[in-house]
Amino acid sequence: MRSTQIRSTFLDFFTARGHRQVPSSSLVSPDPELLLTNAGMNQFKPYYLGRTTPDFRRATTLQKCARTGDLDNVGRTARHVTFFEMLGNFSFGDYFKEETTAWAWELITEGFGLPRDRLWITVYEDDDEAERLWRRLGVPGERIQRLGKADNYWSMGMAGPCGPSSEIHYDRGPAYGPGGGPAVDGERYLELWNLVFMQDVRDEDFRIVGELPARSIDTGLGVDRLAIVLQDVPDIFHTDLLLPILETVRELAGGGDDTSLKIVADHARAAAFLIADGVLPSGDGRGYVLRRLLRRAIRHARLLGVDEAVLPALTGAVVDLHGTTWPELETARPLIEKVVTAEEEGFARTLRQGSRILDTAIRERRLSPKVAFDLHDTYGFPFDLTVDAARAAGLTVDEDAFAALLAERRRRSRSGRTEPGRGPRPGSGTTAFVGYDATRAEARLRTILRDGV
Ligand code: ATP
Ligand code: MG
Ligand code: MG
Ligand code: MG
């Protein structure tokens, strides 16, 4: 089944069951607490919080989502990308668990025709009701697993509605890893669909303080994920949503490292969608997210041995592929081309200068946090690229020391003490090669860079 049919099958199914089809919101999140839209429910948050009452109680959407938190997973897992499409059905104080589970099961097994014996269900450890409903639908007990708060309980990151969730996973078979169900981490069981049952209310301290008067539903099914299964391909990059872009990268590069090819394809796609929604590269906020995606794509294209510009051709391929489903891409085609061309030209200069310094530092084994910081501060050479290069050479950079230098830099520029060499430079003398956690460093960096450097 092609992605076009995946989208329409889902939306038609819920439209036929009384759901209003609401357009995707922009990737520039309508929720001020969030930089970029990361789920279908974002645009409905005021309804769940009871701040606004919609004139419909059931909705279904195809939502553009961005998750830069998954940046490091791209090309490393079969299932993560930084931009994807999420299908969802929503109830605002209308139907609840029973309809949600029954419809999900009907759609996934009949509408999409997935074999029942390949499907696994996870439920929240206390949610007896959900387990009972799944059993009633014919799911055998041995393929229902109970998981704790971290996996199967959802809340908004603020006081308000929250509740247990239940997820549908697909068993891709022993070729993809050990058995044991989705409770076992790995690539064999592919999470497809998350059903959230909003029934509780929590306070600021994550204490559940009562029941939600209008119990609600929020679900999210990844189009790209379902396409992996329905198109019987090894990973998300081989679905019809990404393969033509990956092939374009491969042609430009003439082959090369698989992870780099995938990173370039993913980032080009995400960048095109972000620009179409009005994001422009800059030093902070969303603009920084975009800049980082663009620069990471360029860096990996260089690693693949391509020295000329790649992004204009690649983002063009994204518009060719997705412009019918997402007309805003077509409208923004000239803008996208202009933005990525300018960014790639500017970054090519940065890379030439920065890479020389970085490569020498790596060769001479003196890649200290100070070197990483100077690269960032003086040449605009992104820290995550330094980290990538260090990792490729089997080295690590002390991210805490780097973050301290960055924080100190910000303090100094705020207080006007900008003369070089003056004032404390914490961490500048620390040893270079200590343990490094990429995810933690990225999270920390995002926090620091969000409000500008
Ligand atoms: P995972 O555990 O695989 O990282 P998740 O639990 O973070 O997924 P949810 O927040 O439950 O994902 O989002 C709902 C659905 O959106 C997922 O079940 C999946 O189909 C899809 N999805 C989530 N993250 C991604 C991603 N990075 N790339 C593609 N699809 C995604
Ligand atoms: Mg995730
Ligand atoms: Mg999950
Ligand atoms: Mg999930």
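What counts and how
- Residues numbered from 1 in each chain as written.
- Chains lettered and ligands numbered in written order.
- Predicted model: local features only at pLDDT ≥ 70, side-chain atom pairs only at ≥ 80, totals over all residues.
- UniProt positions renumbered as here; feature names shortened; annotations may be inferred.
- Helix = DSSP H or I, 4+ residues; strand = E, 2+ residues; numbered from the N terminus.
- Contact = placed C-beta atoms within 7 Å.
- Near = placed C-beta within 6 Å.
- Nonpolar A, V, L, I, M, F, W, Y, C, P; charged D, E, K, R; others polar.
- Expected span 1.5 Å × (residues − 1).
- Buried ≥ 20, exposed ≤ 12 C-beta atoms within 10 Å, placed from the backbone.
- Axes fitted to C-alpha atoms, helices over the stretch in contact; angles between N-to-C directions.
- Parallel < 35°, antiparallel > 145°, perpendicular 65-115°, else oblique.
- Left-handed = near helix turned anticlockwise from the far one by under 90°.
- Bend = angle between axes of the 7 residues up to and from the residue.
- Pairing = 2+ DSSP bridges.
- pLDDT = per-residue confidence, 0-100.
- Core = buried A, V, L, I, M, F, W, Y, C linked by C-beta atoms within 7 Å.

- The chain appears in an unreviewed UniProt entry as Alanine--tRNA ligase from Actinoallomurus liliacearum.
- Annotation of the chain in UniProt includes, under Sequence similarities (unreviewed entry), the sentence "Belongs to the class-II aminoacyl-tRNA synthetase family."
- Among the UniProt annotations of the chain, the heading Catalytic activity (unreviewed entry) holds the following wording: "tRNA(Ala) + L-alanine + ATP = L-alanyl-tRNA(Ala) + AMP + diphosphate".

1. Thoughts on the overall build of the chain
Here's step 1: Along the backbone of the chain there are 16 helices and 9 strands.
Here's step 2: Taken along the three principal axes of its C-alpha coordinates, the chain extends 70 × 50 × 45 Å.
Here's step 3: Within the chain, residue pairs in contact and separated by at least 24 positions form 67% of the contacts whose partners lie at least 6 positions apart.

2. Description of the site of ligand 1
Here's step 1: Among the 16 residues in the neighbourhood of ligand 1, the closest are listed as Asp 70, Phe 84, Asn 194, Gly 220 and Gly 222.
Here's step 2: Listing elements by their share of the shell around ligand 1, those giving two or more residues are β3 (83-91), β8 (189-202), β9 (208-222) and α6 (223-230).
Here's step 3: Looking at which element gives the most residues to the shell around ligand 1, the answer is β8, with 4 residues.
Here's step 4: Of the residues belonging to the shell around ligand 1, the class tally is 6 nonpolar, 4 polar and 6 charged.

3. Some details on helix α10 (residues 311-322)
Here's step 1: Helix length check: α10 (12 residues) gives 16 Å between terminal C-alpha atoms against 16 Å at 1.5 Å per residue, within 8%.
Here's step 2: If you follow the buried residues of α10, they end up packed against α7 (243-253), α8 (258-276), α9 (285-303), α11 (327-331) and α12 (333-363).

4. Things to note about the environment of Gly 173
Here's step 1: Topologically, Gly 173 is positioned in the loop between β7 (160-171) and β8.
Here's step 2: Classification of Gly 173 as exposed rests on a count of 10 C-beta atoms within 10 Å.
Here's step 3: As a C-alpha pair, Gly 173 and Asn 194 span 21 residues in sequence and 21 Å in three-dimensional space.

5. Looking at the packing of α10 against α12
Here's step 1: Direction vectors running N to C along α10 and α12 enclose 155°, while the axes themselves pass 9 Å from each other. Between α10 and α12, the angle falls in the class roughly antiparallel. The chirality of how α10 crosses α12 is right-handed. Residues Leu 311, Pro 312, Thr 315, Gly 316 and Val 319 of α10 touch α12, and the partners they reach there are Arg 333, Ile 336, Glu 337, Val 340, Thr 341 and Glu 344.
Here's step 2: Here the residues of the contact of α10 with α12 are counted per class, giving 5 nonpolar, 3 polar and 3 charged.

6. Concerning unusual backbone geometry
Here's step 1: At Asp 232, a residue that is not glycine, the phi angle is positive and equals roughly 50°.
Here's step 2: On the basis of neighbour count, Asp 232 is assigned to the exposed category, with 9 C-beta atoms found within 10 Å.
Here's step 3: Not every positive phi belongs to a glycine, and Arg 365 is a case in point at roughly 55°.
Here's step 4: For Arg 365, a count of 10 C-beta atoms within 10 Å gives the class exposed.

7. Some points on α12
An α-helix turns once per 3.6 residues; consequently, residues spaced three or four apart project the same way.
Here's step 1: Counted at 1.5 Å a residue, the expected span for α12 with its 31 residues is 45 Å, and the 42 Å between its end C-alpha atoms agrees.
Here's step 2: Its axis deflected by about 25° at Gly 354, α12 carries its strongest bend there.
Here's step 3: Those residues of α12 that sit buried are Ile 336, Val 339, Val 340, Glu 343, Glu 344, Phe 347, Leu 351, Gly 354, Leu 358 and Ala 361.
Here's step 4: Where α12 is buried, its residues touch α8, α9, α10, α13 (369-379) and α14 (383-392).
Here's step 5: Note on α12: the residue one or two positions beyond its end, Arg 365, has a positive phi of about 55°.

8. Some remarks on the pairing of β9
Here's step 1: With 4 bridges connecting them, β3 and β9 associate as antiparallel partners. Directly across from Ser 91, in β9, lies its bridge partner Ile 217.
Here's step 2: The pairing of β8 with β9 spans 9 bridges and is antiparallel. Following the sheet pairing, Asn 194 is matched in β9 by Gly 220.

9. Things to note about the pairing of strand β2 (residues 58-66)
Here's step 1: Of all 9 residues making up β2, 8 are buried, and the element is well covered by its neighbours.
Here's step 2: For β2 and β3, the ladder comprises 9 bridges, and the chain directions are antiparallel. The residue of β3 that forms the bridge with Leu 62 is Leu 87.

10. Quick notes on the confidence of the model for the chain
Here's step 1: Here the chain shows a mean pLDDT of 90. Residues at 70 or above account for 91%.
Here's step 2: Within the model, the stretch residues 417-453 combines pLDDT values under 50 with 59 contacts to residues more than four positions away or in other chains.

11. Remarks on the nonpolar core
Here's step 1: Formed by 102 residues in total, the largest nonpolar core has its most connected members in Ile 245, Val 264, Ala 268, Ala 271 and Ala 272.
Here's step 2: Take this core: its biggest share by element is 12 residues, from α8.
Here's step 3: For Ala 272, the residues in contact, after removing those within four places along its chain, are Thr 315, Val 318, Val 319, Leu 329 and Ile 336.
Here's step 4: Core analysis: the next-biggest nonpolar cluster, separate from the first, contains 18 residues, Ala 372, Phe 383, Ala 389 and Phe 402 among them.

12. Details of the environment of Arg 286
Here's step 1: Relative to the helices and strands, Arg 286 resides in helix α9.
Here's step 2: Along the primary structure Arg 286 and Cys 65 are separated by 221 residues, whereas in three dimensions their C-alpha atoms are 14 Å apart.
Here's step 3: Residues in contact with Arg 286, not counting those within four places in the same chain, are Val 28, Leu 35, Leu 36 and Val 279.

13. Section: the environment of Leu 280
Here's step 1: Along the chain, the position of Leu 280 falls in the loop between α8 and α9.
Here's step 2: With 11 residues separating them in the primary sequence, Leu 280 and Arg 291 have C-alpha atoms 8.0 Å apart.
Here's step 3: Not counting residues within four places of it along the chain, the set of residues in contact with Leu 280 comprises Gly 287 and Val 339.

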